[in-house]
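Inside the fold
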Amino acid sequence: MARILAFDYGTKRIGIAVTDPLQIIATGLDTVHPKDAIEYIRKYLVTEQVEAFVIGDPKQMDGSDSDSKQHAKGFSTSLKKAFPTIPQHWVDERFTSKMAHQAIMQSGLKKSDRQNKERVDTIAATIILQYFMETNRL
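Reference entry: report on the structure contained in this document. (Residues numbered from 1 in each chain as written. Predicted model: local features only at pLDDT ≥ 70, side-chain atom pairs only at ≥ 80, totals over all residues. Heavy atoms only, no water.)

One open sheet accounts for five strands, arranged β3-β2-β1-β4-β5; its pairing is mixed. Bordering the open sheet on either side are β3 (26-32) and β5 (88-92), each of which pairs with just one other strand. Between one strand and the next, the sheet's axes are offset by a mean angle of 25°, whatever the strand orientation. Note that strand β2 (residues 14-19) and β3 share six bridges and pair antiparallel. Across the sheet, the residue bridging to T19 is A26, located in β3. Lying on the sheet, helix α1 (residues 37-47) is in contact with β1 (3-9), β2, β3 and β4 (50-57); it crosses β3 at an angle near 135°. Of the strands in this sheet, β1, β2, β4 and β5 touch helix α2 (residues 69-82), which is tilted by about 160° from β5. (Pairing = 2+ DSSP bridges. Helix = DSSP H or I, 4+ residues; strand = E, 2+ residues; numbered from the N terminus. Axes fitted to C-alpha atoms, helices over the stretch in contact; angles between N-to-C directions. Contact = heavy atoms within 4.5 Å.)

See the structure below:
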């Protein structure tokens, strides 16, 4: 089986998570700057098979699109252009950053490590991917 990549898109950083080849476990992979994302993914695909992309869908509390949706859509368009054969799925990302902060707080990390924004973005991407996997199991 191929892996699934998930993205927590931000204008400063994109958190990336990936499944294992059997699509059982979601794991944080990396954080990259948006301008470097397509090249990063291109290099990743040289060594790993990916069957789908999952993108966090930025929403307001009332379910409407947030201001960041336009940026996430632009990223989605870039993914489609660069990797037209890999399907994309959107997952509501409300609360993922808050959940990532809570997970970090409970992990027992030092305060300086808990404030690492890259870690939060990677964990948020992992939560997005885990949710996608749970809601799409057969």
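Moving on from the model shown.
The next thing to look at is the packing of α1 against α2. To characterise two packed helices, one gives the angle between the axes of the helices and the distance between these axes. For the pair α1 and α2, the least separation of the axes is 11 Å and the interaxial angle reads 40°. Viewed along their axes, α1 and α2 adopt a mutual orientation that is oblique. For α1 against α2, the interelement crossing comes out right-handed. Contact residues: A37, I38, I41 and R42 in α1; F75, S78, L79 and A82 in α2. In terms of residue class, the contact of α1 with α2 is built from six nonpolar, one polar and one charged. (Parallel < 35°, antiparallel > 145°, perpendicular 65-115°, else oblique. Left-handed = near helix turned anticlockwise from the far one by under 90°. Nonpolar A, V, L, I, M, F, W, Y, C, P; charged D, E, K, R; others polar.)

Along the chain, the position of T11 falls in the loop between β1 and β2. The spacing of T11 and S68 is 57 residues in sequence and 8.3 Å in space, taken between C-alpha atoms. Those residues in contact with T11, other than ones at most four positions away along the chain, are P34 and H71.

It is worth spelling out the packing of aromatic side chains at this point. Overall, the coordinates contain four aromatic pairs when judged by the stated rule. Ring centres of F7 and F75 lie 5.2 Å apart, and the angle between their planes is 75°; this geometry places the pair in the edge-to-face category. Within this pair, whereas F7 is found in strand β1, its partner F75 is found in helix α2, the two being separated by 68 residues in sequence. Aromatic ring contacts, followed pair by pair, group F7, Y9, F53, F75 and F83 into a single cluster. (Phe/Tyr/Trp six-rings, centres within 6.5 Å; stacked < 30°, edge-to-face > 60°.)

What follows covers the nonpolar core. Among the nonpolar cores identified, the biggest contains 19 residues, and L5, F7, I14, I41, F53, F75 and L79 are the most heavily contacted of them. For this core, the secondary structure elements donating two or more residues are β1, β2, α1, β4 and α2. Counting residues per element, this core draws most heavily on α1, which supplies four residues. Among residues more than four places away in sequence, those in contact with F53 are L5, F7, I41, L79, F83, I86, P87, Q88 and H89. By size, the runner-up hydrophobic cluster in this structure holds twelve residues, among which are I4, A6, A17 and V54. (Core = buried A, V, L, I, M, F, W, Y, C linked by side-chain atoms within 4.5 Å. Buried < 20%, exposed > 50% of the residue type's maximum accessible area, 1.4 Å probe, protein only.)

Any link to function would need more than the numbers given here.
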